[in-house]
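Residues per chain are reported as follows:
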Amino acid sequence: MPPQDGRLGSIPVGMFAKYSLSGTTALSSNRQMPIGQRVSGTSMAKTILIVDDDPAQTRLISAVVERDGHRVMTAGGGNEAIATLEGARAGEIDLVVLDLVMPETDGWAVMERVHPARPELPFIVLTGHGGIDTVVKAMQAGARDFVVKPASPERLQVSIAN
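None of the values given here were measured: they were computed from a predicted structure.

### Some details on the sheet that holds strand E7 (residues 95-99)
Taken together, five strands build an open sheet; the order of strands is E6-E5-E7-E8-E9 and the sheet is parallel. Single-partner strands in this sheet number two, and they are strand E6 (71-75) and strand E9 (143-148). With strand direction ignored, the average angle separating the axes of adjacent strands in the sheet is 20°. Examined bridge by bridge, E7 and strand E8 (residues 123-127) share four bridges and lie parallel to one another. Bridge pairing in E8 links leucine 98 to valine 125. In the packing of helix H5 (residues 153-161) onto the sheet, the strands contacted are strand E5 (47-51), E7, E8 and E9, and the crossing angle to E9 comes to about 180°.

### Some thoughts on the pairing of E8
Counting buried positions along E8 yields five of five residues, so the element is predominantly enclosed. In E8, alternate side chains face the same way, and those of Phe123, Val125 and Thr127 on one face and Ile124 and Leu126 on the other are all buried. Taking the sense of rotation as the criterion, the β-α-β connection linking E7, helix H3 (residues 107-114) and E8 turns out right-handed. Between E8 and its parallel partner E9, the chain crosses via helix H4 (residues 132-141), and the hand of that crossover is right-handed.

### A few points about helix H1 (residues 55-67)
Three- or four-residue spacings in an α-helix give side chains the same orientation, since the helix completes a turn every 3.6 residues. Here H1 is 13 residues long and its end C-alpha atoms lie 18 Å apart, about the 18 Å a rise of 1.5 Å per residue gives. Among the residues of H1, Gln57, Thr58, Ile61, Ser62, Val64 and Val65 are the ones counted as buried. The arc enclosing the buried residues of H1, seen along the axis, measures out at 165°, which places them on a common side. Residues of H1 that are exposed and point over 90 degrees away from its buried face: Pro55, Arg59 and Leu60. Where H1 is buried, its residues touch E5, E6, E7, E8 and H5. Taking the backbone nitrogen of alanine 56 as reference, a side-chain oxygen 3.0 Å away marks aspartate 54 as the first, capping residue of H1. Phi for glycine 69, located one or two positions after H1, is positive at around 85°.

Criteria and cut-off values
- Residues numbered from 1 in each chain as written.
- Predicted model: local features only at pLDDT ≥ 70, side-chain atom pairs only at ≥ 80, totals over all residues.
- Heavy atoms only, no water.
- Pairing = 2+ DSSP bridges.
- Helix = DSSP H or I, 4+ residues; strand = E, 2+ residues; numbered from the N terminus.
- Axes fitted to C-alpha atoms, helices over the stretch in contact; angles between N-to-C directions.
- Contact = heavy atoms within 4.5 Å.
- Buried < 20%, exposed > 50% of the residue type's maximum accessible area, 1.4 Å probe, protein only.
- Right-handed = clockwise from strand over helix to strand, strands pointing away.
- Expected span 1.5 Å × (residues − 1).
- Arc of directions from axis to C-beta.
- Polar contact = N/O pair within 3.5 Å; in protein donor to acceptor, adjacent residues only side chain to side chain.

Geometry only, nothing functional implied.
Pasting the structure below:
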């Protein structure tokens with residue numbers, strides 16, 4: 001069993017990411033979770049809206065989310081995400097996994113439109129372009145976590161669990 005004191009082989013959980021440049025993230029917490037441990041038993045099932053214009057990426061994230069016992073809704077772009085987040089089923093959504101870079105309406109516009117009306121709704125932002133400035137801007141726009149693509153299943157599990 002991996003060590004539980006923050007040494008190599010465990011991932012801190014309990015706090016959102018401060019920044020991420022390489023797919024791993026600096027996190028702050030005293031609790032630890034061994035890499036590869038499923039987090040589905042640690043929280044109730046959530047309904048998660050996955051917003052990405054890349055169908056392959058959407059399928060991969062959906063598989064991780066469903067494997068952990070969560071319900072999945074998808075949107076292929078920003079306009080569809082806004083319609084879903086303002087529509088009849090909006091209250092069912094517990095979390096949004098949101099790509100920042102999409103054609104037409106991007107992730108920034110989605111957060112700008114939805115976050116003021118639903119500040120309690122957590123956004124996990126995904127992007128392939130993860131500089132510190134982007135991370136800071138995303139957090140200021142309402143993101144609770146920031147993940148650089150391609151994200152490992154374990155990284156997504158930890159982010160969703162928090």
